[in-house]
Amino acid sequence: MTTRETRTTDRNPWNWLLLVPVVVPLLTFLFNADEPRLFGFPLFYWLQLAFIALGVATTTIVYRMTK
Amino acid sequence: MTTELIIFVLLFLVVSGMGFVAARWRKPETIDSLHEWGLGGRNFGSWITWFLVGGDLYTAYTFVAVPALVFGAGAMGFFAVPYTVIIYPMVFLILCRMWSISHVHGFVTPADFVRARFGSPTLALAVAITGLVATMPYIALQLVGIEAVLQSMGVTGHLPIIIAFAILAAYTYQSGLRAPALIAFVKDTLIYVVILAAVIYIPIKLGGWGTIFDAAGKKFAATPAQNDGLFLNAGNQLQYATLAFGSALALFLYPHSLTGVLASKNRNVIKRNMSALPAYSLLLGLIALLGYMAIAAGTKPTVGSNGKPISNTVVPNLFDQMFPDWFTGIAFAAIGIGALVPAAIMSIAAANLFTRNIYREYINKNATDAQEAQVSKVVSLVVKVGAVLCILLLDPQFSIDLQLIGGVIILQTLPSVALGLYTRWFHKGGLIAGWAAGLAAGMWMLYTIPNPATGKAHFGGSAFSLANLGLDTKTTVYAGILALAVNLIVAAIGTVVLRAMNVADGEDATKRSEYFADEGDPRVKDLDLSAPH
């Protein structure tokens, strides 16, 4: 087991990025519509599923940048 | 029908066998210490944590109830997707702090943390009781998931449920957290296989996704109800966003969600999991759409003995209708086993709460590790028996209502638990007052909500109509969020008043630097947890 240097804070400017995937999926006006459809999915459904990728990308970036 | 039942029973038995063997998996010196039994030794890496937390948060009930909600109400039921997207970035930093401080001080429950942070056994008791009350109906709901599958297979009566829970109780008693961790592998593999098959195979049979959505849209357009539909309307958009947000705030306040997180090896395991757990959200989104597939396929829910359709049987019935018997058996087993993992973790978390924050605090102050572990095991049994009694004696609808209330009340621990990780500004008295005010406000709001569909006048949902406050609007908001706002305002005013009156506050037993300690730090206690503390 390696001894890591002890951190004294978890503050980091990169953390602000985490706000994006928290706020965007709650803005219903962005996706509350039928068109454009994707593979038969109305916008409401495919865009909200796409936000999962947004969440994953953001947490991955923040993890890498603050490691 | 018999093929289904045979496969269901076989898989269920294999998994139960695993539960008993789990005691020997990653075997510690002794399982008699609470840390070992309740937190599995706290050395779970990324993979096990992913399965464990995933198996814990995405319960069988979710897999049955979310598509049932989408089947009945449409877009509103899809809130589960934004809910499980925003949760991970929200708790990304918070859970790391919780992990560090818990590992430095040996905390097992949120109430342990509150006790040390605010120096108040009373506030800790409030948090512990809130956690217990919120968790109990959640366990009962897992039984509703199993029951839905059994009803779909035409199995009636309560005996199968009692047997399933007796098995569950026996192996959690034997193996502690190791049992659900090991079973979660099987459960999730089965669920992934079933759902991937379902979302590829069923749309092909039904003529494509476009047809499915159109059929659902047509159904909702034909109903007189206003709040259903393929999309949100002006009145329920705010409810949709606040329900997703409030549910996300509540999720990691449940003691059982924290149990899985604390069992992970270090902070990076948690952070990596925040990126990996959304894989389950994708699964949940696809599962939600099973509700529309059921509409397009013309699936009907099973009619219960009281003559009312049981909406939770929609997905099991859809599988029954679309899949060959042997595969339906696997699908049903996935749901049934899926109920066992969270039920086991929840009962362990509830037992830990009782043991640490009630038994040791108020009943036996000098409890030894072995005594604590023993009490925990017994309470975990009692909790499960209680859950079974809930289902046997009460209408299942009552558990669903209780769970709804549970979400609202567990949110009232947010100021002490989640904000407590960041600030010590609140006075313990202010937090207690805020907690009480939030609970009262939440209960009142839930009381005012009718459910026209079931003909209930009170506790019919979580959408609080702002018209109740004298506003001229059709807008509804998630009651939990408003109750939390009341809580925070009262806690803040209480803090200012108590400080002005120089009322003594509790001692803070934690130090700032302890919130960032990681594996390898000498202050972080790891596997030597069976030592007295």
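Procedures and definitions
Residues numbered from 1 in each chain as written. Chains lettered and ligands numbered in written order. Predicted model: local features only at pLDDT ≥ 70, side-chain atom pairs only at ≥ 80, totals over all residues. Helix = DSSP H or I, 4+ residues; strand = E, 2+ residues; numbered from the N terminus. Rg over C-alpha atoms; globule rule 2.2 N^0.38 Å. Buried ≥ 20, exposed ≤ 12 C-beta atoms within 10 Å, placed from the backbone. Contact = placed C-beta atoms within 7 Å. Axes fitted to C-alpha atoms, helices over the stretch in contact; angles between N-to-C directions. Parallel < 35°, antiparallel > 145°, perpendicular 65-115°, else oblique. Left-handed = near helix turned anticlockwise from the far one by under 90°. Core = buried A, V, L, I, M, F, W, Y, C linked by C-beta atoms within 7 Å. Nonpolar A, V, L, I, M, F, W, Y, C, P; charged D, E, K, R; others polar. Expected span 1.5 Å × (residues − 1).

Q: Please give an account of the overall build of chain B that cites residues and values.
A: A count of helices and strands for chain B gives 21 helices and 2 strands. Computed over its C-alpha atoms, the radius of gyration of chain B comes to 23 Å, within 12% of the 24 Å expected for a compact globule of 533 residues. Projected onto the principal axes, the alpha-carbon positions of chain B cover approximately 65 × 60 × 40 Å. A total of 533 residues make up chain B; the buried ones form 59% of that total. Look at the contacts in chain B between residues 6 or more apart in sequence, and 83% of them connect residues 24 or more apart.

Q: Can you tell me about the overall build of chain A, naming the residues and giving the values?
A: The number of helices and strands found in chain A is 2 helices and 0 strands. Relative to its full complement of 67 residues, chain A shows a buried share of 30%. Taking as baseline every contact in chain A between residues at least 6 positions apart, the subset at least 24 positions apart corresponds to 59%.

Q: Quick one: what's the story with the packing of helix α3 (residues 46-57) of chain B against helix α13 (residues 267-276) of chain B, residue by residue and with numbers?
A: Residues and elements named next belong to chain B. Interaxial distance between α3 and α13 falls to 10 Å at its minimum, and their mutual angle equals 55 degrees. Viewed along their axes, α3 and α13 adopt a mutual orientation that is oblique. Note that α3 runs across α13; the crossing there is right-handed. Across the interface between the two elements, Ser46, Thr49, Trp50 and Val53 from α3 touch Val269, Arg272, Asn273 and Ala276 from α13.

Q: Describe the nonpolar core, naming the residues involved and giving the relevant values.
A: Residues and elements named next belong to chain B. Ile86, Ala244, Ile337 and Leu411 are the most contacted members of the largest nonpolar core, which totals 202 residues. Per element, the largest residue contribution to this core is 19 residues, and it comes from helix α16 (residues 325-363). Every residue in contact with Ile337, bar those within four places of it in the chain, is listed here: Leu11, Phe12, Val15, Ile183, Val186, Lys187 and Leu190.

Q: Quick rundown of the interface of chain B and chain A? Include the residues and the values.
A: Contacts between the two partners involve 40 residues from chain B and, on the opposite side, 35 residues from chain A. Put simply, the parts of the chain that give the side of chain B that touches chain A at least two residues each are α5 (80-105), α10 (209-222), α11 (237-251), α13 and α14 (278-296) of chain B. The greatest single-element share of the side of chain B that touches chain A, amounting to 11 residues, is contributed by α5(B). Looking at the side of chain B that touches chain A residue by residue, the class counts come to 26 nonpolar, 8 polar and 6 charged.

Q: Quick one: what's the story with helix α8 (residues 159-175) of chain B, residue by residue and with numbers?
A: A turn of α-helix holds 3.6 residues, and therefore any two residues three or four places apart point the same way. Residue and element names in this part refer to chain B. Its 17 residues place the ends of α8 24 Å apart at the C-alpha level, agreeing with the 24 Å of an ideal helix rising 1.5 Å per residue. Listed as buried for α8 are Ala164, Phe165, Leu168, Ala169, Tyr171, Thr172 and Ser175. Buried residues along α8 sit against α1 (2-21), α7 (121-152), α9 (178-206), α16 and α17 (369-393). Downstream of α8 by one or two residues, Gly176 has phi in the positive range, about 60 degrees.

Q: Break down α13(B) for me, citing the residues and quoting the values.
A: Where burial is concerned, most of α13(B) is hidden: 7 out of the 10 residues are buried. Within α13(B), burial applies to B:Arg267, B:Val269, B:Ile270, B:Lys271, B:Asn273, B:Met274 and B:Ser275. Packing partners of the buried residues in α13(B) comprise α2 (43-66) of chain A together with α3, α5 and α12 (255-262) of chain B.

Q: Can you tell me about unusual backbone geometry, naming the residues and giving the values?
A: The amide bond that connects A:Glu35 to the next residue, A:Pro36, takes the cis arrangement and shows omega of -5 degrees. Within the fold, A:Pro36 resides in the loop between α1 (19-23) and α2. Even without glycine at this site, A:Phe39 takes up a positive phi of about 50 degrees. Along the polypeptide, A:Phe39 turns up in the loop between α1 and α2. With 9 C-beta atoms counted inside 10 Å, the residue A:Phe39 sits in the exposed group. The backbone of B:Asn502 sits at a positive phi, close to 60 degrees, despite the residue not being glycine. Look at B:Asn502 and you get exposed, because 7 C-beta atoms sit within 10 Å.

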